[in-house]
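Structure at a glance
Residue strings, one per chain:
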Amino acid sequence: MENDINSKFLKPYDPKETEDKIYKIWEESGFFNPDVCIEKGVTDKNAEPFCMVLPPPNVTGTLHIGHAAMLTIEDIMIRYARMQGKRTLWLPGTDHAAIATQSRVEKNLEKEGIKKSDLGREEFLKRVEKFAQDSHDTIINQSKKMGSSLDWSREAYTLDADRNLAVRTAFKKMYDDEIIYRGHRIVNWDPKGQTVISDDEIVYEERKAKMYTFKYSKDFPISISTTRPETKVGDTAVAVHPEDSRYSDYIGKTFTINDFCGVKLEIKIIADQSVEKDFGTGALGVTPAHSQIDAEIAQRHNLPTKQVINEFAKMTVGDERILDKKTTIAREAIVEWLKNENLLENEEEISQNVSTAERTGGIIEPLPKLQWFINVNKQIKDRDNKTLKELMLEPVKNGEIKIIPNNFERVYYNWIENLHDWCISRQIWYGHRIPVWYRKTINNYELGITNENNTEIYCNINPPEDIENWEQDPDTLDTWFSSGLWTFSTLGWPNIEAKDLKTYHPTDVLETGYDILFFWVARMILMSTYILGEIPFKNVYLHGLVRDGQGRKMSKSLGNALDPLEVSEKYGADAVRMSLIIGTGPGNDSRMSEDKIRAYKNYANKLWNITRFVLSSTPNIKYDANFNNYSNVDLELIKERDEFIKEITKEMDEYKFYLVGEKIYQYTWSRFADVIIEESKIILSGNDKIAKESREQFLFDTLVKILKVLHPFMPFVTEEIWSMMPIDNKKLLMVEEWPKSERP
RNA sequence: GCGCGAUUAGCUCAGUUGGUAGAGCAACUCAUUUACACUGAGAAGGUCGGGGGUUCAAGUCCCUCAUCGCGCACCA
């Protein structure tokens, strides 16, 4: 019987006509779900599991090209594992991204002239949820367009009911273990976002600033330097180095300054090791309420704390010159006053790092506030008296968790060494509400302001029964708290008997951008080792940023951003996937250009035409995967091909996808098409029946193998071609077996 | 200040345990309807950032300098 060549091959390959259709076939097959694979007999029920969780994209809009790169790398790993017969799960989800989402919606409302306070908490949250839902739908749709073989039946959201239960359960456990505590400390306050943020959410921006050197008063014996004169109205001490002979006579004395720009100061001279003799005047004005370092000094020396700046970055002391003025205005006023009083000794332009909030851009104001923290230095009984820091460090040090590329291991250690307690409470509305209730009393309860540690506290997974006597903490949790639980909250935890949890945790690979190594990867290790006593994943594969052709960051304002959907529409998702993979080693930034994508679109078509040639040259073939009557010439070619497959299989296992993609490209094009097919024309038109049959089988067999190894990279075109291959009893290509390099 | 990268063809990048410098893209010359013009053949293009060292042998290992990029810390 003659095999009819599909007439589709007479036209160039058209990804537009193909990709949506193919994705639908995959979805309807159910094979994205490992349970279905077992049910339908394509995966052995005792097969080794392989699991990845998708780093949940933020529901702040749409996917960018970086997401497309992430989806591609992960889909390659997943499809490869599935074709190797593993019980393969890739679990999707999205992230509520607390601050990021809330501030996006706030900005949108601002355009309509609406403030969130006008709406109130409930109404505002409805708006955020609507926005989040729309973003979610867009994101899911985009992920499908990229060909991601995610198990949609297990989709999760960091703020849905199951994840909320996980969050409350984790919080309660940490509270009971005294890992979570409430404390009055200097925190990073974002006046723009009106919330506290963690150290990791600070972005340093180098800016020019003026450093002023002056005395508090004419009689004061020591000059000090600062870039923030307005904070000096909150000074309670001047610190000098203990061995600084210039100032030793003054140590221990207290000076009263009756009028420092309208404010009375009591300044004690103290000696502290942390002061550098050679910096500035060698003397440091101590402002305990508005500097982390100063607060530490103040604590060591029992100094009073005097808050002079409020949550709106406005002054709370002084007279009309500074009272209620923004810090920047007050600064000018004080400098002006210093000049008039002849106290200013020096004014110098320096460059300094200004702390800004990652999401709002607001300049951070250190303020003393009562907040919730995770203690990273407390010894934990259930974990061999190790601290969270140690728990995070150990599995990476001893190789239980491998980071690829491994130079990031040192970066990780470096971060842990400098780690302070993690502030987890946020004064925003969109997020997991803190599962803590305070007893209402008549006079001592005002939310978050006068409320002190002596209030009766109830912390539990569920609210107290006599709820009318209690008020829940108004704050929500840092978004990374729920993200930290992601590897197991998505698999059924806190039900520790959940089948998925038992089967798939620890997960195999966590693939994500190196930019969230601390935010996310470290926090997952923290949560998993502490809560479950096991690592969250065995391998961490870090990818870099996708930049434009000139190496610049892609951004809307530069106009160089490539929209993954737009280019997929134009060149096909397969071409976009290939161009995102090739030339991209782990941990390195990569470059993207339309030229590159176009090249891989041509490749898809090349493969299409190779198929056309092979099928039209073998019209009577009865493909036999175990054919053994090969000519000597063909045996040589088989040897070479199988060597090639062996090599790329090894490289797949070493996560060198950028290499494998390129090698398959080269083998198919430069070797198979340009040389082998050209030579075949002579053999196929000749009279040697044996040689002809051998060559037909070889061409067909090699095409089959190319389709298989290429499938993880270019799933759409390979599946489409596969569907038209005259092969008996074939499955979908996505669940076919990855070729073995050894011949029987 | 501490740490991490990078520097190889015009551009983007590979380069395994040290063993005759590789690929893609671009540009150049030729072929002209071929399975495929979303094509084929060919040629060109490199003191591997500089200097020093180890070695029979260094793009690769060691030291040093330079330039670029990044992270963390400091930021009186």
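Values in this document were obtained by computation on a predicted structure and should not be read as measured data. (Residues numbered from 1 in each chain as written. Chains lettered and ligands numbered in written order. Predicted model: local features only at pLDDT ≥ 70, side-chain atom pairs only at ≥ 80, totals over all residues. Heavy atoms only, no water.)

**Remarks on helix H18 (residues 632-653)**
The criterion, for reference: A run of H or I in DSSP counts as a helix once it spans at least four residues, and a run of E counts as a strand once it spans at least two, with each numbered from the N terminus. To estimate how far a helix should extend, the number of its residues minus one is multiplied by 1.5 Å. By the convention used here, residues are in contact when the closest approach between their heavy atoms is within 4.5 Å.
Here H18 is 22 residues long and its end C-alpha atoms lie 32 Å apart, about the 32 Å a rise of 1.5 Å per residue gives. Here the buried face of H18 lies against helix H3 (65-83), helix H19 (657-685) and helix H20 (689-710). Of the residues one or two after H18, Tyr655 is the one with positive phi, at around 60°.

**With respect to the protein's contact with RNA strand B**
We apply this condition: When at least one non-hydrogen atom of a residue lies within 4 Å of a molecule or strand, that residue is treated as near it. For this analysis, a polar contact is any N or O atom pair within 3.5 Å, provided that within protein one partner can donate a hydrogen and the other can accept it, and provided that sequence-adjacent residues contribute only side-chain to side-chain pairs. By the convention adopted, Pro, Cys, Tyr, Trp, Phe, Met, Ile, Leu, Val and Ala count as nonpolar, Lys, Arg, Asp and Glu as charged, and the other residues, Gly among them, as polar.
Taken together, 41 residues lie near RNA strand B, and Ser225, Asn353, Arg410, Arg591 and Trp669 sit nearest. Restricting attention to atoms of RNA strand B within 4 Å of the protein, one finds that 64% of them are sugar or phosphate atoms. Asn609 is positioned with one of its backbone polar atoms (N or O) 3.0 Å from a base nitrogen of RNA strand B. Of all the secondary structure elements, the ones that give two or more residues to the surface near RNA strand B are strand S7 (202-214), strand S8 (224-226), strand S12 (283-286), helix H10 (407-417), helix H17 (594-617) and H19. Of all the elements, H19 adds the most residues to the surface near RNA strand B, at 10 residues. Across the surface near RNA strand B, the residue classes break down as 17 nonpolar, 14 polar and 10 charged.

**Some details on the layout of surface pockets**
As a reminder, the rule being used: Residues are called lining when one of their atoms sits within 4 Å of a cavity or pocket point, these points coming from a 1 Å grid over the protein atoms alone, where a cavity is a set in which a 1.4 Å probe fits but cannot get out and a pocket is an open set with protein on both sides within 12 Å along at least five of seven lines. Grid points are joined across faces, edges and corners, and a volume is the space filled by probe spheres set on the points.
Approximately 2,000 Å³ is the volume attributed to the second largest pocket. Every residue lining the second largest pocket is counted, 46 residues in all, and those nearest its centre are Asn58, His64, His67, Arg359 and Asp515. Looking at the lining of the second largest pocket, the elements with two or more residues in it are H3, helix H4 (98-111), helix H11 (479-484), strand S22 (507-513) and helix H14 (517-531). Here the lining of the second largest pocket gets five residues from one element, more than from any other, and that element is H4. In terms of residue class, the lining of the second largest pocket is built from 20 nonpolar, 16 polar and 10 charged.

**Details of the sheet that holds S7**
Note the threshold: Pairing between strands is defined by DSSP: at least two bridges between the two strands are required. The axes are straight lines fitted to the C-alpha atoms, using for helices just the contacting stretch, and the angles between their N-to-C directions are given from 0 to 180°.
Spatially, the three strands line up as an open sheet ordered S8-S7-S13, and their pairing is antiparallel. The sheet is open, and its two edges are formed by S8 and strand S13 (344-357), each paired on a single side. Taken pair by pair, the neighbouring strands of this sheet meet at an average axis angle of 25°, ignoring direction. With 13 bridges joining them, S7 and S13 adopt antiparallel strand pairing.

**Things to note about the packing of H17 against H19**
Our working definition: An angle below 35 degrees is read as roughly parallel, one above 145 as roughly antiparallel, one from 65 to 115 as roughly perpendicular, and any other as oblique. Less than a right angle of anticlockwise turn of the near helix away from the far helix marks a crossing as left-handed, whereas a clockwise turn marks it as right-handed.
Look at H17 against H19: their axes get within 11 Å of each other, and the N-to-C directions meet at 25°. One way to sum up the angle between H17 and H19 is to call them roughly parallel. The chirality of how H17 crosses H19 is left-handed. Facing H17, whose interface residues are Ala599, Tyr600, Asn602, Tyr603, Lys606, Leu607, Ile610, Phe613, Val614 and Ser617, H19 presents Ile664, Tyr665, Thr668, Trp669, Phe672, Ala673, Asp674, Ile677, Lys681 and Leu684. Residue composition of the contact of H17 with H19, by class: 14 nonpolar, three polar and three charged.

**Examining the confidence of the model for chain A**
In regions of low pLDDT, the predicted coordinates are not meant to be interpreted in detail. Going by this rule: Confidence per residue, as judged by the predictor, is encoded in pLDDT with a range of 0 to 100.
Averaged over all residues, the pLDDT of chain A equals 90, while 96% of them reach at least 70. pLDDT under 50 marks residues 444-451. Its contacts with residues more than four places away, or in other chains, come to 14 contacts. This complex was scored by the predictor with a pTM of 0.92 and an ipTM of 0.91.

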